[in-house]
Amino acid sequence: MRMIVYLGTGGVGKTSVAAATAMAVAKTGARALVLTTDPALRLRTALGLVDGVPEQRVPLDDPKAGQLWAALLDVRATLDEAVRLYAKPDMHERILTHTVYETIANSLAGMQELMAIERIDQLRLRGFDHIIIDTAPSRHAFEILDKPALFADFSSSRKVKLVGRTYKFAAGLGLNFIGKSALDVYGRVESILGVNLVRQILDFYSIFYPIAEGYARRAEKTVALLRDPAVTEFRVVTTPQKALRDAAYFTEALAERNFSVGTFCVNRAWLHPFPDTLPTGLAGEVLSWYKSVSDSHRACIWELREKYGSVVRDIQVFSELERDVDGLAALDRLAAQMHLTEPASV
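Every chain's residues receive numbers from 1 upward, in the order its sequence appears when written. Owing to the predicted nature of the model, reporting of local features is limited to residues with pLDDT of at least 70; listing and counting of side-chain atom pairs is limited to 80 or more, with chain, interface and lining totals taken over all residues. Each side-chain value is derived from all of the structure's non-hydrogen atoms; neither hydrogens nor water enter the calculation.

Engineer: For this particular structure, what's the right way to read a nonpolar patch on the surface?
Structural biologist: What makes a patch is a set of residues exposed beyond 30% relative accessible area and free of salt bridges, joined within 9 Å when like-charged and within 5 Å when nonpolar (Val, Leu, Ile, Met, Phe, Trp, Tyr). For accessible areas, the Shrake-Rupley method is used with a probe of radius 1.4 Å. Any residue's cover is judged against the shown protein chains and nothing else. A side-chain nitrogen of Lys or Arg and a carboxyl oxygen of Asp or Glu constitute a salt bridge if their distance falls within 4 Å. A cluster of nonpolar side chains, L85, Y86 and L125, forms an exposed patch at the surface whose accessible area comes to about 290 Å². Secondary structure elements follow DSSP: runs of H or I of four or more residues count as helices, runs of E of two or more count as strands, with numbering from the N terminus. With respect to the element layout, L125 can be found in the loop between α6 (111-124) and β5 (130-134). Exposure remark for L125: the relative accessible area of 55% places this residue in the exposed category. Type-normalised accessible area, obtained with a 1.4 Å probe on protein chains alone, sets the label of each residue: buried when under 20%, exposed when over 50%, and partly exposed for intermediate values.

Okay, here's the thing in structure tokens:
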């Protein structure tokens, strides 16, 4: 299995590039899936997906092609599946209908990022040859890498484990029967949030903590796969005018997290040919303007190659299409500009 993670700022065509990559891979005969973790769900428009179906196959005209699948990140559905997969069967209903679970699944800040990693793990088990991941713009993309690690550290801390594992026993005997360390934790939190709310939370965590601890282990494993260059390649999508700035930002931000950029994808470049002799009149003025923009784009791409050509494995350039990418035909035209590369062996 191979994974490609697309990063980029907003408005650079990242979702289109990710979907086109999945299409190009599928046309080689592979079973490919593109997952978007972007709440904007632009993938739905690009591939014409049906509402309410978080994972679906996209039909391809080529009879020799493999399979193209698309998945949307549904936080509630992902968390529900984790409960059904990893909780004891007799706990499913109690967890899924708990008041605290409803709050966590539907409105807790940070769940989008935590469940993105869980969703990748779930899809990894489906047997796809390639998983292409379309992330949310910039900072939100890095939270997918950062927050699961923080959660794993939190859930593995001694006091959190103590609270989760002793509350059920303590609730039956009275809190005075538990150790002073856990009692101190209960007392401080109750003074802030109120006794009833804290008891609800602790009751929930006493039945949910095996799921949380299991999530932490799976998150660590998934992040390790994302960090493995033999499995995963990070690609940055940018545009000509943003290329140098984006290259510097994402290269540094990934290096801080012990990841590395494999490919820069310069999208929406104006590289179409133009005549050697420009006509007069309005047509000549339009072509002259186009030529000046095209020359600027070529210069930006040249600078990117000069500065980062030896740093990354590949730099790909995609010409801007005449219309927005809003269907399979347009994606196919974008995919035709790509040359596929595999993650580097180690």
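The rest of the description comes next.
Engineer: What am I meant to see in the nonpolar core here?
Structural biologist: One recurring pattern in soluble globular proteins: nonpolar side chains tend to sit buried together. Only buried residues count toward a nonpolar core. Its members are Ala, Val, Leu, Ile, Met, Phe, Trp, Tyr and Cys residues joined through side-chain atoms within 4.5 Å. Ranked by size, the top nonpolar core spans 63 residues in total, and within it I95, Y101, F208 and F264 carry the most contacts. The dominant element in this core, judged by the number of residues it contributes, is helix α10 (residues 195-227), at 11 residues. Residues count as neighbours in contact if any of their non-hydrogen atoms are within 4.5 Å of one another. Ignoring any residue separated from it by four or fewer positions in sequence, one finds I95 in contact with V83, A87, Y101, F204, I207 and F208. Within the second largest apolar cluster, 33 residues are counted, among which are L47, L49, V58 and L68.

Engineer: Looking at this structure, I do not really get the environment of K88. What am I missing?
Structural biologist: Inspection of the secondary structure puts K88 in the loop between α3 (75-86) and α4 (92-96). With relative accessibility at 62%, the residue K88 sits in the exposed group. Along the backbone, K88 and P210 are 122 residues apart, and their C-alpha atoms lie at a distance of 9.4 Å.

Engineer: Looking at this model, I keep getting lost on the pairing of strand β4 (residues 67-72). Mind explaining?
Structural biologist: Every other side chain in a regular strand lies on the same face of the sheet, so the side chains alternate between the two faces. When you tally the buried positions in β4, you get five out of six residues, the bulk of the element. Whether two strands pair depends on DSSP finding at least two bridges between them. Pairing geometry for strand β2 (residues 31-36) and β4, over six bridges, is parallel. Considered in β4, the bridge of L33 is made with W69. As paired strands, strand β3 (residues 55-58) and β4 are joined by four bridges and run antiparallel to one another. Counterpart to R57 in the pairing with β4 is W69.

Engineer: In this structure, what is going on with the packing of aromatic side chains? I would like to understand it.
Structural biologist: Here a Phe, Tyr or Trp ring, Trp counted by its six-membered ring, pairs with any other such ring whose centre lies within 6.5 Å, and the pair is stacked when the planes are under 30 degrees apart, edge-to-face when over 60, and tilted otherwise. Counted by the stated rule, this structure contains nine aromatic pairs. Centroid distance W69 to F128: 6.2 Å. Interplanar angle 70°. Geometry classified as edge-to-face. In this pair, W69 is assigned in strand β4 and F128 in the loop between α6 and β5, connecting sequence segments 59 residues apart. Residue W69 shares its accessibility class with F128, and that shared class is buried. Judged by centre distance (6.1 Å) and plane angle (70°), the ring pair of F142 and Y249 falls under edge-to-face. With a gap of 107 residues between them, F142 in helix α7 (residues 138-155) and Y249 in helix α11 (residues 243-256) connect regions that are remote in the sequence. The class for F142 is buried, based on a relative accessible area of 2%. Feature note: the residues F142, Y249 and F250 constitute an aromatic cluster, connected by ring pairs. Lying over the aromatic face of Y86, R218 brings its terminal NZ or CZ to 3.7 Å of the ring centre. By the criterion adopted, a ring carries a charge over it if an Arg CZ or a Lys NZ lies within 6 Å of its centre and within 35 degrees of its normal. Its guanidinium or amino end placed over the ring of F259, R227 lies 4.3 Å from that ring's centre, counting from NZ or CZ.

Engineer: Explain helix α13 (residues 328-335) to me, please; I cannot follow it from the model alone.
Structural biologist: Within an α-helix, residues lying three or four positions from one another point in the same direction, as the helix has 3.6 residues per turn. Looking at α13, one finds that the buried residues are A330, L331, L334 and A335. End-on, the buried residues of α13 take up no more than an arc of 140°, which puts them together on one face. Looking at the buried residues of α13, the elements they touch are α1 (14-26), α2 (42-47), β7 (261-269) and β8 (314-319). This arc is taken over the directions from the axis of the helix to the C-beta atoms.

Engineer: Can you walk me through the packing of α3 against helix α5 (residues 99-107) in this structure?
Structural biologist: For any two helices packed against each other, the geometry is given by the interaxial angle and the distance between the axes. At a minimum axis distance of 8 Å, the contact between α3 and α5 shows a crossing angle of 135°. The angle between the axes of α3 and α5 places the two elements in the oblique class. Here α3 runs over α5; the crossing is right-handed. Here V75, R76, L79, D80 and V83 of α3 lie close against α5, whose contacting residues are Y101, E102, I104, A105 and N106. Each residue belonging to the contact of α3 with α5 can be placed in one class, and the counts come to six nonpolar, one polar and three charged. A fitted line through C-alpha atoms serves as each axis, taken over the contacting stretch for helices, and the angle formed by two N-to-C directions is quoted from 0 to 180°. The cut-offs work like this: below 35 degrees is roughly parallel, past 145 is roughly antiparallel, 65 to 115 is roughly perpendicular, and the gaps in between are oblique. For a crossing to be left-handed, the near helix must be turned anticlockwise from the far one by less than a right angle; the clockwise case is right-handed. Only Asp, Glu, Lys and Arg are considered charged, only Ala, Val, Leu, Ile, Met, Phe, Trp, Tyr, Cys and Pro nonpolar, and every remaining residue, Gly among them, polar.

Engineer: Please explain the environment of T9 as it appears in this structure.
Structural biologist: In this structure, T9 sits in the loop between β1 (2-7) and α1. On the basis of relative accessible area, T9 is assigned to the buried category, the value being 16%. Considering only alpha carbons, one finds T9 and S138, 129 residues apart in sequence, at a separation of 5.1 Å. As used in this structure description, the phrase polar contact means that two N or O atoms lie within 3.5 Å; if the pair is within protein, one of them must be able to donate a hydrogen and the other to accept it, and residues adjacent in sequence are counted only when both atoms belong to side chains. Within the local environment of T9, its side chain forms a polar contact with the side chain of K242, the two groups lying 3.4 Å apart.

Engineer: Would you take a moment to explain unusual backbone geometry for this structure?
Structural biologist: Unlike most non-glycine residues, N258 shows phi in positive territory, near 65°. Accessibility expressed as a relative area gives 59% for N258, which makes it exposed. The phi dihedral of R268 is positive, around 60°, even though this residue is not glycine. Mapped onto the fold, R268 is located in strand β7. Assessed through its relative accessible area of 34%, R268 is described here as partly exposed.

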